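Residue-level listing of the chains:
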Amino acid sequence: MRVNLPKLQVIKIGGNVIDNPLLLEAFLRDIASIKEPFVLVHGGGKIATEMAKELGITSQMIEGRRVTDTASLRIVTMVYAGWINKSMVAQLQSKQKNAIGFTGPDAGLVISKKRNPSPIDYGWVGDIEEVNGEALSGFINQGYYPIFAPITADKEGHLLNTNADTMAQAIAIALSEFFEVTLTYCFEKNGVLSNPDDDHSVIPHINQASFIALKENGIVTAGMIPKLENAIKAISQGVNTVKLCHASQVLIQEGGTRITA
């Protein structure tokens, strides 16, 4: 067991927070007050869908997941790696955090492969193969705060739209060799809810066994399933702490849903 590793936070922000300038500003103000190093991974919100609509490009979704054809790939790359990423970097720089924007291909930090088109062809969607934790830790040790957009590339140079929750998990696992990592999934809910209509029905702890039961009983559904799968994989592969919470709770130790082995 590795001891005396420096602490690091990997934080994923998504959901409706990205679409709400006031919530996003409050969240970025909070994380700018964190004293230890952090890596921020962000999703794309609804901006890419809105821009595609303005350009007359139909966004196709299957089971809540975006089908990324060539036109859609151009949109999500421009929005995620451009507008959203650089806006966050600029806001954090204004708060005296030396943020630096990344996508997977930058410095070869995150390499993916195009998802198998069978049984469902999601187009230019990437599944992560490797994260260069040593190179990324080098940027962190130089005092940078990496801000990742969920765009990766394969070894042939094709850009790929990539799930931000999975990207945060893979980065957290890779960095756990060099740091004591806390992975926090922040969104607009107070944690994993036993009743989606009751914001106070937070399930405080979830492990592999209870996750299976929650899924079988229909309590955990839709997009929460892959989010929890990512969280459980992270805690089982070296990440010290994993929790899911409201974006406003990112600085609070208590609250939210904690994932245990």
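The shown structure was predicted, so the numbers you read here are calculated from the model rather than taken from an experiment.

What counts as what
Residues numbered from 1 in each chain as written. Predicted model: local features only at pLDDT ≥ 70, side-chain atom pairs only at ≥ 80, totals over all residues. Heavy atoms only, no water. Helix = DSSP H or I, 4+ residues; strand = E, 2+ residues; numbered from the N terminus. Rg over C-alpha atoms; globule rule 2.2 N^0.38 Å. Buried < 20%, exposed > 50% of the residue type's maximum accessible area, 1.4 Å probe, protein only. Contact = heavy atoms within 4.5 Å. Areas by Shrake-Rupley, 256 points an atom, 1.4 Å probe, with all protein chains shown as cover. Lys, Arg positive; Asp, Glu negative; His and termini not counted. Charge placed at Lys NZ, Arg CZ, Asp CG, Glu CD. UniProt positions renumbered as here; feature names shortened; annotations may be inferred. Pairing = 2+ DSSP bridges. Phe/Tyr/Trp six-rings, centres within 6.5 Å; stacked < 30°, edge-to-face > 60°. Lys NZ or Arg CZ within 6 Å of the ring centre and 35° of its normal.

1. Concerning the overall build of the protein chain
For step 1, the next point in the chain: Within the protein chain one finds 7 helices and 14 strands.
For step 2, the next point in the chain: A compact globule built from 261 residues should have a C-alpha radius of gyration of about 18 Å, and the protein chain, at 17 Å, falls within 12% of that.
For step 3, the next point in the chain: Along the longest, intermediate and shortest principal axes, the C-alpha atoms of the protein chain span 45 × 45 × 35 Å.
For step 4, the next point in the chain: Burial analysis of the protein chain (261 residues in total) assigns 48% to the buried set.
For step 5, the next point in the chain: A sequence separation of at least 24 residues applies to 70% of the contacts in the protein chain between residues at least 6 apart.
For step 6, the next point in the chain: Carbon and sulfur atoms make up 52% of the accessible area of the protein chain, which amounts to about 12400 Å² in all.
For step 7, the next point in the chain: Between the mean site of the 23 positive side-chain charges and the mean site of the 26 negative ones, the protein chain shows a separation of 2 Å.

2. Thoughts on the UniProt feature "site: Transition state stabilizer" (unreviewed entry) in the protein chain
For step 1, the next point in the chain: Mapped onto this structure's residue numbering, the UniProt feature "site: Transition state stabilizer" (unreviewed entry) falls at Lys12 and Lys227. Separation in sequence by 216 residues is not matched in space for these annotated residues, since their most distant C-alpha atoms are only 10.8 Å apart.
For step 2, the next point in the chain: The residue Lys12 is located in strand 1 (residues 7–13) in this model.
For step 3, the next point in the chain: Every residue in contact with Lys12, bar those within four places of it in the chain, is listed here: Val41, Gly43, Ala164, Asp165, Ala168, Thr184, Tyr185, Cys186 and Lys227.
For step 4, the next point in the chain: In this structure, Lys227 sits in helix 7 (residues 224–236).
For step 5, the next point in the chain: Setting aside anything within four residues of it in sequence, one finds Lys227 in contact with Lys12, Asp165, Tyr185 and Leu244.

3. What about the side chain of Thr257?
For step 1, the next point in the chain: With respect to the helices, strands and loops of the structure, Thr257 is situated in strand 14 (residues 257–259).
For step 2, the next point in the chain: Here Thr257 falls in the buried class, since its relative accessible area comes to 0%.
For step 3, the next point in the chain: Ignoring anything within four residues of it in the chain, the contact list for Thr257 reads Gly191, Val192, Val202, Ile203, Pro204, Ile206, Val242, Lys243 and Leu244.

4. Observations regarding the pairing of strand 11 (residues 180–187)
For step 1, the next point in the chain: Most of strand 11 sits out of view: 6 of its 8 residues are buried.
For step 2, the next point in the chain: When strand 1 meets strand 11, the two strands line up parallel, connected through 7 bridges. Bridge assignment links Lys7 to a residue of strand 11, and that residue is Glu180.
For step 3, the next point in the chain: Relative to strand 13 (residues 241–246), strand 11 is paired through 6 bridges, and the arrangement is parallel. Residue pairing for strand 13: Cys186 is matched across the bridge by Cys245.

5. Section: the packing of aromatic side chains
For step 1, the next point in the chain: Per the stated rule, a full pass over the model turns up 4 aromatic pairs.
For step 2, the next point in the chain: Cluster of aromatic residues (ring-pair linked, three or more members): Phe102, Phe139, Tyr144 and Phe148.
For step 3, the next point in the chain: One Lys or Arg, Arg115, reaches over the ring of Tyr122 and ends 5.5 Å from the middle of that ring.
For step 4, the next point in the chain: Above the face of the Phe187 ring, Lys227 is positioned so that its terminal group lies 5.2 Å from the ring centre.

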